[in-house]
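What follows is the residue order along each chain.
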Amino acid sequence: MEKTLNSWNDIEASASVAYFAPEGKIGEAHAILQVEGNGDLFEEQLSRLLEAEKRLAERPQMEGMKAVFKRYFLSDALNQASLIPEETTECSVSFIQQVPLNGSKVALWIYFVSVDEIAKKHGFTVVDNNGYQHLWRMGITSDEGDSYAQSETILNEYEAGLSKFGANIAENCIRTWFFVRDVDIQYNGLVVARREYFDKIGLTKDTHYIASTGIGGNSASRKAIHQLGTYAVKGLQPEQITYLQAASHMNRTSDYGVTFERATQIEYGDRSHIYVSGTASIDNKGKVVHIGDIRKQTERMWANVETLLKEGGQDWNDVMQIIVYLRDIADASVVEDMFMEKFPDTPFVLTLAPVCRPEWLIEMECIGVKEAKTAFRNF
């Protein structure tokens, strides 16, 4: 894996990129693009960010790479999302109000793959390759009802969309992101609705759940309480999927009534993917650890994620991107320094996004990719 930082002083922008490109195999890349704020208007910052994206595409390492997924982190989604130019490719795009904590109004995460074709069907971005069908769909919302009702609606909509591909949530969904407006108040409705929905479709603590992040964040819809982002794969054999627990460090989420996996690993013939869910400073009894101490919570969070990665045969060197969520903007400089020291080469973005328990000051998620040789079909 190659990790690089591309900086353009003339536009005060950067793109931190991790490339995974085994010789003769499909390549992947994750990029985090950021700009300096400088007190500029949103349109000025966005212009510089889009110029950085254009310049990144011209780098030799990006030859043949196509954007599959983009997430814009915004400081004011209601006013800013409509100012972002409509995507001209088949890429799946989402906008979420989670303020970048580098002093800017906008940041961008992009996932690339080096495939011949990406299609858009039934609202999904679709990558068909080597007998697998990768299905990305972002920005699912509902404007009607309370937290419970909106959660139920968006899950029904997602299931209906997957059915058009002969897929379903229980068998094919690998990763979800639930962004919750006013998470301290509205999160419980999501938890209850998701648990009941999963029971209905046969997902229980005795079968499996789905890697997920449930975090504070506002959509560009004034009435939407929740926004759902998703990734599913058709064509996997059950033996290719492993659910990672890190039981020495964390308990099962079902112990406290929440229904997601700590991490999900997918084994292909040529690589393994690990999707680490939103992870915080928690112990194996389900208790918040180091209440009020941002440094110690960050270190415990790292220990939990590291244990998940190790369980799947990976380590920090295999991590291609990190999203960091903070409850208190005043902790930003401390946490940024800690991450810069520990992960000087790994793309990451620091955002303002309260975690689902008030005592948690920080949460992170990440994606790991490592070369492998198995009997399964290549990615």
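Structure's up top.
Description of the structure in this document.

Reading guide: rules and limits
Numbers given for residues are sequential positions, taken from 1 along each chain in its written order. Where local features are concerned, this predicted model is filtered to residues with pLDDT of at least 70; where side-chain atom pairs are given and counted, the filter is 80 or more; whole-chain, interface and lining totals use all residues. Think of the side-chain values as coming from all heavy atoms in the structure, minus any hydrogens and water. Each helix is a run of DSSP H or I of at least 4 residues and each strand a run of E of at least 2, with the numbering of both proceeding from the N terminus. Working rule for helices: expected span equals 1.5 Å times residues minus one. Exposure is judged per residue with a 1.4 Å probe applied to protein chains only, and the accessible area is read against the type maximum: over 50% gives exposed, under 20% gives buried, and values in between give partly exposed. Note on contacts: a residue pair qualifies if any of its non-hydrogen atoms lie within 4.5 Å across the two residues. Contacts described as polar in this section are N or O atom pairs within 3.5 Å, which, within protein, must combine one atom able to donate a hydrogen with one able to accept it, while residues neighboring in sequence count only if both atoms come from side chains. At least two DSSP bridges between two strands are needed for those strands to be called paired. As a rule, the C-alpha atoms of each element are fitted with a line to give its axis, helices using only the stretch in contact, and angles between N-to-C directions run from 0 to 180 degrees. Note on terminology: angles under 35 degrees are roughly parallel, angles over 145 are roughly antiparallel, angles of 65 to 115 are roughly perpendicular, and the others are oblique. Crossing chirality is assigned from the near helix's rotation relative to the far helix, an anticlockwise turn below a right angle marking it left-handed and a clockwise turn marking it right-handed. When residues are sorted by character, Ala, Val, Leu, Ile, Met, Phe, Trp, Tyr, Cys and Pro go into the nonpolar class, Asp, Glu, Lys and Arg into the charged class, and all the rest, Gly among them, into the polar class.

Overview of helix H6 (residues 294-311)
The first and last C-alpha atoms of H6 sit 26 Å apart over 18 residues, in line with the 26 Å expected at 1.5 Å per residue. Buried within H6 are the following residues: Ile294, Gln297, Thr298, Met301, Trp302, Asn304, Val305, Thr307, Leu308 and Leu309. Of the surrounding secondary structure, the elements contacted by the buried residues of H6 are strand S14 (241-244), strand S15 (263-267), strand S16 (271-279), strand S17 (319-326), helix H7 (332-342) and strand S19 (362-371). Between a side-chain oxygen at the N-terminus of H6 and the backbone nitrogen of Arg295 the separation is 3.2 Å; the capping residue is Asp293. Note on H6: the residue one or two positions beyond its end, Gly313, has a positive phi of about 80 degrees.

Remarks on helix H1 (residues 42-57)
When the terminal C-alpha atoms of H1 are compared, their 23 Å separation across 16 residues agrees well with the 22 Å that a helix rising 1.5 Å per residue should span. Residues Phe42, Gln45, Leu46, Arg48, Leu49, Ala52, Glu53, Arg55 and Leu56 constitute the buried set of H1. On the buried face of H1, the contacting elements are strand S1 (2-8), strand S2 (13-20), strand S3 (28-35), strand S4 (66-74), helix H2 (77-80) and strand S7 (106-113).

A look at the sheet that holds S3
Spatial strand order, S1-S2-S3-S7-S4-S5: six strands in an open sheet with mixed pairing. One side of each edge strand has no neighbouring strand; the edge strands of this open sheet are S1 and strand S5 (92-97). Across the sheet, the axes of successive neighbouring strands diverge by a mean angle of 15 degrees, strand direction being ignored.

Considerations on unusual backbone geometry
Notably, Asn130 is not glycine yet its phi reads approximately 55 degrees, a positive angle. Assignment of secondary structure puts Asn130 in the loop between strand S9 (124-129) and strand S10 (132-141). Not every positive phi belongs to a glycine, and Ala246 is a case in point at roughly 50 degrees. Here Ala246 lies in the loop between S14 and S15.

Points about the side chain of Ser147
Inspection of the secondary structure assignment puts Ser147 in helix H3 (residues 147-163). A polar contact of 2.6 Å, which involves the side chain of Ser147, links it to the backbone oxygen of Gln186. Within the structure, the side chain of Ser147 is placed 2.8 Å from the side chain of His226, a separation counted as a polar contact. Other than its neighbours up to four places away in sequence, Ser147 contacts Gln186, Gly189, Leu190, Ile225 and His226.

Details of the pairing of S4
Across the nine residues of S4, eight count as buried, placing the element largely inside the fold. Two strands pair when backbone bridges link them, and S4 and S7 are joined in this way by eight bridges, in the antiparallel orientation. Bridge pairing in S7 links Phe73 to Ala107. Pairing geometry for S4 and S5, over six bridges, is parallel. Each bridged residue has a counterpart across the sheet, and for Phe69 the counterpart in S5 is Ser92.

Considerations on the packing of H3 against helix H5 (residues 183-200)
For the pair H3 and H5, the least separation of the axes is 7 Å and the interaxial angle reads 40 degrees. Taken together, H3 and H5 sit at an angle that is classed as oblique. Like other packed secondary-structure pairs, H3 and H5 cross with a definite hand, here right-handed. Residue-level contacts link Ser147, Tyr148, Ser151, Glu152, Leu155, Asn156 and Glu159 of H3 to Gln186, Gly189, Leu190, Val192, Ala193, Arg194, Glu196, Tyr197 and Lys200 of H5. When grouped by side-chain class, the residues that make up the contact of H3 with H5 number six nonpolar, five polar and five charged.

A short note on the environment of Tyr243
Here Tyr243 lies in strand S14. Through-space distance from the C-alpha of Tyr243 to that of Phe260 is 10 Å; in sequence the pair is 17 residues apart. With near-sequence residues (within four places) excluded, Tyr243 lies in contact with His208, Tyr209, Glu261, Ala263, Thr264 and Glu311. Side chain to side chain, Tyr243 and His208 meet in a polar contact 3.5 Å long.

The values reported here are purely geometric and, on their own, carry no functional implication.
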